[in-house]
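Structural features, examined
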Amino acid sequence: MTYIDSIDQNIMPFVKYGDYPDRYPALSALHFDKNFYTEIRNASRELFIIFEKVVRVFQQAPKKFQEQMEIPPKLIPFLNIPNALNLSTWLSRFDFVIDESSALKVVEINADTPCGIIEAYYVNQIAADSFGCENPNFGAEQKLSSFLRHIRQKISPPKINLSSGIFNRTRPFIFSCFEDYPEDYGTTKYLMNLLKRESISGDVEFVSFYDLQVDNDGILLPDGRHASAIYRLHPMEILIEETATDGEDLGVLFMQRYAENKFAMFNPPEAIIMQNKSFFALVWQIYLYSDYFSANERAVIEKYIPPSFFDEDIKFLADGEYIKKPIWGREGRNISIIKNQRTIYENQIDAPDEVVCRDSDKFMYQQFIHTPKFEVQVDSGWLDGFITVSCFMLGAQPSAVYCRFSPNKIIGTEAYYVPLVVN
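Once a new chain begins, its residue numbering starts again from 1 and follows that chain's sequence as written. Where totals are concerned, whole chains, interfaces and linings use all residues; where local detail is concerned, this predicted model gives features only for residues with pLDDT of at least 70, and gives and counts side-chain atom pairs only at 80 or more. Side-chain calculation: all heavy atoms of the structure are included, whereas hydrogens and water are not.

**Looking at the packing of helix H4 (residues 140–155) against helix H5 (residues 182–198)**
Which entries qualify depends on this criterion: Only the stretch in contact is used when fitting a helix axis, every axis being a line fitted to C-alpha atoms; angles between N-to-C directions are given from 0 to 180 degrees. Where helices and strands are cited, they refer to DSSP runs of H or I of at least four residues and of E of at least two residues respectively, numbered from the N terminus. For classification purposes, an angle smaller than 35 degrees is called roughly parallel, one larger than 145 roughly antiparallel, one from 65 to 115 roughly perpendicular, and anything else oblique. Should any heavy atoms of two residues lie within 4.5 Å, those residues are considered in contact.
Relative orientation of the contacting elements H4 and H5 amounts to 75°, with a least axis distance of 9 Å. Taken together, the axes of H4 and H5 lie roughly perpendicular to each other. Seen from H4, the contacting residues are Glu-141, Gln-142, Leu-144, Ser-145, Ser-146, Leu-148, Arg-149 and Arg-152; seen from H5, they are Tyr-190, Leu-191, Leu-194, Leu-195, Arg-197 and Glu-198.

Rendered as structure tokens:
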């Protein structure tokens, strides 16, 4: 028996995923001291402030520039709509690597549809208890629950008839994804059930994206009601292009109803600005050529963000080793490493056609960070490989940490989840 056998697979239905010979969670944990977890959280807090400032720059930029960053033209009109939290992303995840000198470097932010939530907020406690170690995420699940309740109160408060004392349950807060993706389905249901645990009324429901329709009053549910708010685990850059069988532009219609305040959305659409891989290049351009950042913010950028450049700038980077990322890439798809402008490594992932992402014509180039190897035990034995360590953000506040491991330099769909514990 291992801690994996204690995981409730109704909560995490992807413990065994597809045809992979090993289960997704690793059998061993990685140990870091408290200072490490403190630093990754502090860095995430500071980076989030910087990223929010850069989002404002992007939102004020000409449409032509926004299109050059490959923001879908249909989506651009909907990226400046005020939202209830006044933040461009409400639930996000920073991904860090550890360089050869043990310094943290941020390489990604998933601001639109972050997964890994069940692993960090639920499974990590089970693993830590099994190993007899301190959980760096202790108490984080309750804070996530409270955060969800706060969001609900902001965008979809339960309404009560004061004379009868009966709750108005006609416009539910819905959680939605395509349920044939086990990770998306598990994550969506987990968040929904946390909110239900915090709710005093029952108008919180799961509805499949397959069953949603849009009409003049917003999101039409199968039973004829309309949703007051939606948590969507479906990438915004894909959603905006969705069409009906008759050719109707459903994605645009969906966003028009959102703009008309027919429903609220979590994450808001402007989360896609940070999700865009070239956002890191925008941060660096502003850092290099303006005084927009404070001295402290400049120090944070220098310490944690590897030099990052737009596609058109690569011709100036004659020397050096860079990771080349498609702007809309996910799960390590189509990522390569170049040195002196020659490709020296191309990442190969399992089932690349199954990765849901928008095709990209442009790339972002980021200084490649050489990282040490770690040893992790999985079902088939001990493996040497590479890790990313992540920090979730609840609004602007750092929260749970999370780790993925792969034998490959670039972590993709083949990755394992590794529990994190305190030394």
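**Let's talk about unusual backbone geometry**
The criterion, for reference: A 1.4 Å probe rolled over the protein chains alone gives each residue an accessible area, and that area as a share of the maximum for its type sets the label: buried under 20%, exposed over 50%, partly exposed in between.
The omega torsion of the bond from Phe-266 to Asn-267 falls at -5°, within 30 degrees of zero and hence cis. Here Asn-267 is to be found in the loop between strand E11 (264–266) and helix H8 (271–275). Despite not being glycine, Asn-86 shows a phi value in the positive range, around 55°. Within the secondary structure, Asn-86 is located in the loop between helix H2 (63–68) and strand E2 (91–98). Exposure remark for Asn-86: the relative accessible area of 58% places this residue in the exposed category.

**Concerning the packing of aromatic side chains**
Under the convention used in this document: Two aromatic rings, drawn from Phe, Tyr or Trp (for Trp, its six-membered ring), form a pair once their centres lie within 6.5 Å of each other, and the interplanar angle then sorts them: stacked below 30 degrees, edge-to-face above 60, tilted otherwise. Geometrically, a lysine NZ or arginine CZ counts as sitting over a ring once it is within 6 Å of the ring centre and also within 35 degrees of the ring normal.
Counted under the stated rule, the structure contains 29 aromatic pairs. On the basis of an interplanar angle of 45° and a centroid distance of 5.8 Å, the ring pair of Phe-14 and Tyr-24 is categorised as tilted. Note that Phe-14 is positioned in the segment before strand E1 (30–32) and Tyr-24 in the segment before E1, a separation of 10 residues in sequence. Classification of Phe-14 by relative accessible area gives buried; the value is 1%. With 6.2 Å between their ring centres and 75° between their planes, Phe-309 and Tyr-322 make a pair best called edge-to-face. Pair noted here: Phe-309 is in strand E12 (residues 308–310) and Tyr-322 is in strand E13 (residues 321–326), with a separation of 13 residues, a long-range link. Aromatic rings pair up to connect Phe-14, Tyr-24, Tyr-121, Phe-392, Tyr-402 and Tyr-417 into one cluster. In this structure, Lys-53 packs its charged tip against the face of Tyr-292, placed 4.8 Å from the ring centre. The ring of Phe-363 has Lys-324 lying over it, and the distance from NZ or CZ to the ring centre is 4.5 Å.

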